[in-house]
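The lines below spell out each chain.
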Amino acid sequence: MASVLSPTSTEPAPLRLGIGGMSCASCVGRVERGLRAVPGVTAVSVNLATETAEVRTDGTVALPTLAQAVAQSGYSVAERSVGLVIGGMTCASCAGRVEKALRAVPGVLEASVNLATERAQVRALAGVADDDLIRAVIAAGYRATLPAEAADSGATTEPSRLASDQRETVRLLLAIVLSLPLVLPMLALPFDRHWMLPAWLQFALATPVQFWLGARFYRAGWSALKARTGNMDLLVALGTSAGYGLSVYHLLATPTHHGAAPLYFEASAVVITLVLLGKWLETRAKRQTTAAIRALQALRPATARVRRDGDEIDLPIAQVRVGDIVVVRPGERFPVDGRIVEGRTHADESMITGESLPVAKNDGDRVTGGAVNGEGRILVETVAIGAESALARIIRLVEDAQAKKAPIQRVVDRVSAVFVPVVVGVAVLTLLAWGAISGDWNQAILNAVAVLVIACPCALGLATPTAIMAGTGVAARAGILIKDAQALEITHKVATVVFDKTGTLTEGRPVLAESVSVDGDIDTLLAQAAAVQRGSEHPLAKAVVQAAATLPPMPDAIDVHSVPGRGLRGVVDGHRLVLGNERLMRESGIDPTPLATRAQALAASGHTVSWVGEETGHAAPRLLGLLAFRDRPRDGAREAMARLHRLGVRTVMMSGDNEGAARAVAEQVGIGEVRANVLPQDKADAIAQLRGDGAVAMVGDGINDAPALAAADVGIAMGTGTDVAMHAAGITLMRPEPGLVADAIDISRRTTRKIHQNLFWAFVYNIVGIPLAALGLLDPVIAGAAMAFSSVSVVSNTLLLRRWQPSPAVATRR
């Protein structure tokens, strides 16, 4: 955060950065050298005790550049993210000005403003105060509050929203009632009916529309002028004021005229009414794009029935603590994430996972807050509350996705930054050109008014964010969580989808199909293998432990440690055992030849083979046996691959399993290209090799496949959405359904198509409309109507996305 040395100092204020990761004096030296190497830095002072750096510059150095220099030195700059609710924005130009104002605050690294959601996301240094950001927005001519304050004040509650809607509806109806008598005579002229109202009555009807119902345009336009900027409201205020003022001039100058004075009260009043109608329709349409997120927010129960000291008491959710026992009756929503400790039921999780069929829940099963309890009265031990609950994380993910900008929005931002000044310039040129050439200054003013009122930066500002909001909303409803706009935009370009095998294309619940012991003692082999793997969460380990459940247990294994991508080592009853793949056996000096023929036959038939050997200190390592596992492909996996192929997407399976097991599953699901025996650390390289034909998506569990998910253009995590998978990938599938991968690509393509359609029509509308108005081919009333409905048409086109549904095959299994 910047601070000034003295009130009279003329040199740039020093910048103070919070530095993370320093532990000694040598760290201080590295950070100082890294910062001094930045061109424009004149002095650096790093304090290890306070973990801060004070940087003096010549005024040409941007904060992100300094942060990057610290990161390249191996340390981090302390940052924070702030969300703001922005009020008073009416067009893309407004959003651009708020962004510019926020970025000008010392310490702000990045700012992004979404016109559709009326939110700003700011990334700043840790020392930047919220008040500094709010003051910057207010100075730019807009309003800003923190989300919590907005909620506390009732700004985002449904009752206040309804009251605001009612006020705007009443204002619109009054504008229509006052404007209708002005426009009816104009409509009657083609039928040779002269119903023109007296001039004083036209003045009486138009004045309240201009200055009372249209006051919002003057207020917003004046705020923009004070901030030395312009917006859509300024264009409307200038245009309608010109028409109204010209009419008043002729009304007062009537005695000097011969005959009736030319009045244009109907033009100014009708333009304001049409713009109010357009904003009213636009607000209603925008609200529909956020329906999905509001539906998720409505799932949060306000209270929970908690068992305390033998009694059941109703408590606000904020007072529930982890470990509390919550009582949930039939038909109620689970108020918290938890684990069932008593009872059994079915849970309707459709609004969270997209799974429409109720899911059976028994003792020990996890339940998700927001889901509906079925027929059983159950007791739930609370394991997550508040911001850490699955529902809160899902809402946060969808909100973040809707708040972020797509890469294509950068073009729109550059246009919006100069839009209003250019339009005002065109209007002035139109006025001067028509007045000078024709000498008819009345017509010149009307043509300039038409230019001002037809220009619509709203359509440009709403084209991208509304499409993203609608696309991510319907995707979330189907169980597809899209992390950000960039993931949404990249997914439509995906040419290759790489699938992990276990748990992704298969059910992830392998069973032990066969055990082979070198000495014939299968029970001992199983018991030893189970002892080593008892604490492991790996699906194969669980299968071994389950198969050995009826055998006499071995002593607990000691010195157990994993060998990444290979297996486990551990000591059981004095025997140093090695469990894993053939590569681990050979690295341990164990010869698998005695069972090689059987292993090859099992692998060829689709089994996953795990070897068991013993390392001894007094003799050569020896092979003890092998374990063969079988995992069933997921229902619908084959249809999912066929659908991807119809979309023109290439499918590849990548697995750490042997070639035979991987190919057997690939053949069953319809994948022709297989890459087997791939270690986790090698998956990223394999992804890079596949990128030659286009963007690559990796589908995995989000934990074991983290390197590949990060290396892919788009990472798609398959799971429940309640673990680290939500943070490891650009897209999270809320249920393990392979068909959702094709659905994710489909909704991405449809959303991107809508963005392109919206931007095309928004640009074409302005490119065609403004010249027509300048050439005198558009009446101000027609221009006002076109402007009012341009943004409505863009949002209405976006709302067609709400009709999207997942594929019939996926819906059937739901």
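Calculation criteria
- Residues numbered from 1 in each chain as written.
- Predicted model: local features only at pLDDT ≥ 70, side-chain atom pairs only at ≥ 80, totals over all residues.
- Heavy atoms only, no water.
- Helix = DSSP H or I, 4+ residues; strand = E, 2+ residues; numbered from the N terminus.
- Buried < 20%, exposed > 50% of the residue type's maximum accessible area, 1.4 Å probe, protein only.
- Contact = heavy atoms within 4.5 Å.
- Areas by Shrake-Rupley, 256 points an atom, 1.4 Å probe, with all protein chains shown as cover.
- UniProt positions renumbered as here; feature names shortened; annotations may be inferred.
- Patch = residues over 30% accessible without salt bridge, like charges linked within 9 Å, V, L, I, M, F, W, Y side chains within 5 Å.
- Salt bridge = Lys/Arg side-chain N within 4 Å of Asp/Glu carboxyl O.
- Pairing = 2+ DSSP bridges.
- Axes fitted to C-alpha atoms, helices over the stretch in contact; angles between N-to-C directions.
- Core = buried A, V, L, I, M, F, W, Y, C linked by side-chain atoms within 4.5 Å.
- Arc of directions from axis to C-beta.
- Phe/Tyr/Trp six-rings, centres within 6.5 Å; stacked < 30°, edge-to-face > 60°.

Looking at the overall build of the protein chain
Next up, step 1: Check the secondary structure of the protein chain and you find 30 helices and 30 strands.
Next up, step 2: When burial is assessed residue by residue, the protein chain has 50% of its 814 residues classed as buried.
Next up, step 3: Put simply, of all contacts in the protein chain between residues at least 6 apart along the chain, 68% involve residues at least 24 apart.
Next up, step 4: Of the roughly 35,700 Å² of accessible surface on the protein chain, a fraction of 57% belongs to carbon and sulfur atoms.

What to know about the UniProt feature "transmembrane region" (unreviewed entry) in the protein chain
Next up, step 1: This chain's UniProt record puts "transmembrane region" (unreviewed entry) on residues 170–189, 195–213, 234–253, 259–278, 415–437, 443–463, 759–778 and 784–804.
Next up, step 2: Secondary structure content for residues 234–253 is 95% helix and 0% strand, and the end C-alpha separation is 28 Å.
Next up, step 3: As annotated, residues 759–778 comprises 80% helix and 0% strand, and the C-alpha atoms at either end are separated by 23 Å.

Here we look at the environment of Ala 129
Next up, step 1: Within the secondary structure, Ala 129 sits in the loop between strand 7 (119–125) and helix 4 (130–139).
Next up, step 2: Its relative accessible area of 31% is what places Ala 129 among the partly exposed residues.
Next up, step 3: Between the C-alpha atoms of Ala 129 and Gly 107, which are 22 residues apart in sequence, the distance is 9.4 Å.

Observations concerning a nonpolar patch on the surface
Next up, step 1: On the surface, Ile 767, Val 768, Leu 772, Leu 775 and Leu 777 cluster together into a nonpolar patch covering about 480 Å² of accessible area.
Next up, step 2: Position of Leu 775 relative to the elements: it lies in the loop between helix 28 (739–774) and helix 29 (780–799).
Next up, step 3: With a relative accessible area of 55%, Leu 775 lands in the exposed category.

Quick look at unusual backbone geometry
Next up, step 1: Look at Asp 559: it is not a glycine, yet its phi comes out positive at around 55°.
Next up, step 2: Following the sequence through the fold, Asp 559 ends up in strand 21 (residues 558–563).
Next up, step 3: Taking relative accessible area as the criterion, Asp 559 reaches 48% and is therefore assigned partly exposed.
Next up, step 4: Its identity is not glycine, yet Asp 573 carries a phi of approximately 50°, on the positive side.
Next up, step 5: By the element assignment, Asp 573 lies in the loop between strand 22 (567–572) and strand 23 (575–580).
Next up, step 6: Under the relative-accessibility criterion, Asp 573 is labelled exposed at 52%.

Comments concerning the sheet that holds strand 5 (residues 79–87)
Next up, step 1: An order of 6-7-5-8 is seen for the 4 strands of this open sheet, with the pairing classed as antiparallel. Every interior strand has two partners, whereas the edge strands, strand 6 (108–114) and strand 8 (143–145), have only one. Sheet twist, expressed as the average angle between the axes of neighbouring strands with direction ignored, equals 25°.
Next up, step 2: Alignment of strand 5 against strand 8, held across 3 bridges, turns out to be antiparallel. Across the sheet, Val 85 pairs through a bridge with Thr 145, a residue of strand 8.
Next up, step 3: Helix 4 rests against strand 5, strand 6, strand 7 and strand 8 of the sheet, and its axis sits at about 35° to strand 5.

A closer look at the nonpolar core
Taken as a class, soluble globular proteins show a tendency for nonpolar side chains to be buried jointly.
Next up, step 1: Formed by 148 residues in total, the largest nonpolar core has its most connected members in Leu 66, Leu 84 and Leu 102.
Next up, step 2: Element by element, the count of residues in this core is highest for helix 28, at 13 residues.
Next up, step 3: For Leu 102, the contacting residues outside a window of four places in its chain are Leu 84, Val 108, Ala 111, Val 113, Ala 120, Val 122, Leu 133 and Val 137.
Next up, step 4: Core analysis: the second largest hydrophobic core is formed by 22 residues, Leu 525, Leu 568, Leu 577 and Val 612 among them.

A word on helix 4
Next up, step 1: Burial in helix 4 covers these residues: Leu 133, Ile 134, Ala 136 and Val 137. Within helix 4, the buried residues cover an arc of 155° as seen down the axis, which keeps them to one side. Looking at helix 4, the residues exposed on the side facing more than 90 degrees away from the buried face are Arg 135 and Ala 139.
Next up, step 2: Following helix 4 by one or two positions, Gly 141 has its phi on the positive side, about 105°.

Comments concerning the pattern of salt bridges
Next up, step 1: Following the criterion strictly, the structure yields 28 salt bridges and no others.
Next up, step 2: Where Arg 632 meets Asp 635, a salt bridge forms, and the shortest distance between an N and an O atom there is 3.5 Å.
Next up, step 3: Arg 750 is the salt-bridge partner of Asp 746, the closest N and O atoms lying 3.1 Å from each other. Residue Asp 746 and its partner Arg 750 are both found in helix 28; the two are separated by 4 residues, about one turn of the helix.
Next up, step 4: Arg 750 sits in the partly exposed class, given a relative accessible area of 37%.
Next up, step 5: Put simply, Arg 643, Asp 743, Asp 746 and Arg 750 are held in one network by salt bridges that share partners.

Re the sheet that holds strand 29 (residues 714–718)
Next up, step 1: The mixed open sheet is built from 7 strands, whose spatial order is 18-30-29-28-19-26-27. Two strands bound the open sheet, and with one partner strand each, they are strand 18 (480–482) and strand 27 (673–675). On average, each strand axis in the sheet is tilted by 20° relative to the strand beside it, whichever way the strands run.
Next up, step 2: Here strand 19 (residues 494–500) pairs with strand 28 (residues 695–700) via 5 bridges, running parallel. Residue pairing for strand 28: Thr 496 is matched across the bridge by Val 696.

Observations concerning the packing of aromatic side chains
Next up, step 1: In the structure shown here, the tally under the stated rule is 6 aromatic pairs.
Next up, step 2: Measuring from centroid to centroid gives 5.7 Å for Phe 211 and Tyr 218, while their planes differ by 25°, and the two rings are stacked.
Next up, step 3: When its relative accessible area of 26% is taken as the criterion, Tyr 218 is described as partly exposed.

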